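For reference, the chains in residue letters:
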Amino acid sequence: MRKITAFILLNFLVGFTTISAQKTEIYSHQLSEYDKAISLFNDKQYLAAQIIFDKVRLDSKSVETQSDCSFYIANCAIHLNQSDADALIQNFVKEYPTSTKINRAYIDASQYYFEQGDYAKSLEYFDKVDESGLTFDEMKKFNFEKGYAYFTAGKKKEATSY
């Protein structure tokens, strides 16, 4: 009788472990798709990354993952010069107001528009950046770009403070 009870208990534990392992595998698969999208983003393959981020965002139940995906989707839209890029950034900020990536979204948008020569658009985003969250090197670049954007926009008084 003891052998039968031990056998049933052992089968139950093995079955439970298998079920737990399957959950981890599914979760790992979602993260591998996210990691693939990050890799594509870093390789400047913005359209492919944007598609994968959108899929991961829709499939994910984690608010943090959804937030990160929305950030990267908006960032990809900026780099792809998509017409809804500004709306995507604003939606990201509205939907995830506590995200740690909000300041990064503003910085990336301002620098992108600055590099494209759209200084008026870059100033819109420069003004939204929380400067206290920048590193020393980021601050130097930020000050130069914001000052230059003010200067080219004919706002010489504002440019002198940068």
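Computed from a prediction, not measured in an experiment: that's the story for all the values here.

A. Region of the structure containing the overall build of the chain. Within the chain one finds eight helices and zero strands. Along the chain, from the amino end to the carboxyl end, the secondary structure elements read α-α-α-α-α-α-α-α. The 162 residues of the chain split such that 36% are buried. Counting contacts in the chain only where the partners sit at least 6 residues apart, residues at least 24 apart contribute 45% of the total. Summed over all atoms, the accessible surface of the chain reaches about 10600 Å², with 58% contributed by carbon and sulfur.

B. Highlighting the pattern of salt bridges. Going through the model one piece at a time under the given rule, you end up with seven salt bridges. A salt bridge links D59 to K55, with the nearest nitrogen and oxygen atoms 3.1 Å apart. Of the two residues, D59 and K55 are both situated in helix 2 (residues 46–59); the distance of four residues between them amounts to about one turn of the helix. With a relative accessible area of 39%, D59 lands in the partly exposed category. The class for K55 is partly exposed, based on a relative accessible area of 45%. Here E138 makes a salt bridge to R104, at a shortest N to O gap of 2.9 Å. You can see E138 sitting in helix 7 (residues 136–152) and its partner R104 sitting in helix 5 (residues 102–115), a full 34 residues away along the chain. Salt bridges linked by common partners bring R104, D108 and E138 together as one network.

C. A look at the packing of helix 3 (residues 63–79) against helix 4 (residues 85–95). Direction vectors running N to C along helix 3 and helix 4 enclose 160°, while the axes themselves pass 8 Å from each other. It follows from the interaxial angle that helix 3 and helix 4 lie roughly antiparallel. The handedness of the crossing between helix 3 and helix 4 is left-handed. Between helix 3 and helix 4, the contacting residues are S67, S70, F71, I73, A74, A77 and I78 on the first element and A85, L88, I89 and F92 on the second. Of the residues in the contact of helix 3 with helix 4, the class split is nine nonpolar, two polar and no charged.

D. Structural context of helix 2. For helix 2, built from 14 residues, the straight-helix expectation of 20 Å at 1.5 Å per residue is met to within 8% by its first-to-last C-alpha distance of 20 Å. Inspection of helix 2 places Y46, A49, Q50, I52, F53 and V56 among the buried residues, and these make up the whole buried set.

E. View of the packing of aromatic side chains. Evaluated as defined, the whole model comprises 15 aromatic pairs. Between F53 and Y72, the ring centres sit 4.8 Å apart and the planes meet at 5°, which makes this aromatic pair stacked. You can see F53 sitting in helix 2 and its partner Y72 sitting in helix 3, a full 19 residues away along the chain. Taken together, the ring pairs connect Y34, F41, Y46, F53, F71, Y72, F92 and Y96 into an aromatic cluster. Over the face of the ring belonging to Y113 we find K121, whose NZ or CZ atom lies 6.0 Å from the ring centre.

F. Geometry of the nonpolar core. In terms of nonpolar packing, the biggest core is built from 40 residues, with Y34, F41, F53, Y72, I89, F92 and Y106 touching the most fellow members. Those residues in contact with Y106 that sit more than four places away from it in its chain are I89, V93, Y125, K128 and V129.

G. Representation of the side chain of S60 in the model. Tracing the chain through its elements places S60 in the loop between helix 2 and helix 3. Polar side-chain contacts of S60 include one of 3.1 Å to the backbone nitrogen of S62. Ignoring sequence-local partners within four residues, the contact set of S60 consists of T65 and Q66.

Parameters and conventions
Residues numbered from 1 in each chain as written. Predicted model: local features only at pLDDT ≥ 70, side-chain atom pairs only at ≥ 80, totals over all residues. Heavy atoms only, no water. Helix = DSSP H or I, 4+ residues; strand = E, 2+ residues; numbered from the N terminus. Buried < 20%, exposed > 50% of the residue type's maximum accessible area, 1.4 Å probe, protein only. Contact = heavy atoms within 4.5 Å. Areas by Shrake-Rupley, 256 points an atom, 1.4 Å probe, with all protein chains shown as cover. Salt bridge = Lys/Arg side-chain N within 4 Å of Asp/Glu carboxyl O. Axes fitted to C-alpha atoms, helices over the stretch in contact; angles between N-to-C directions. Parallel < 35°, antiparallel > 145°, perpendicular 65-115°, else oblique. Left-handed = near helix turned anticlockwise from the far one by under 90°. Nonpolar A, V, L, I, M, F, W, Y, C, P; charged D, E, K, R; others polar. Expected span 1.5 Å × (residues − 1). Phe/Tyr/Trp six-rings, centres within 6.5 Å; stacked < 30°, edge-to-face > 60°. Lys NZ or Arg CZ within 6 Å of the ring centre and 35° of its normal. Core = buried A, V, L, I, M, F, W, Y, C linked by side-chain atoms within 4.5 Å. Polar contact = N/O pair within 3.5 Å; in protein donor to acceptor, adjacent residues only side chain to side chain.

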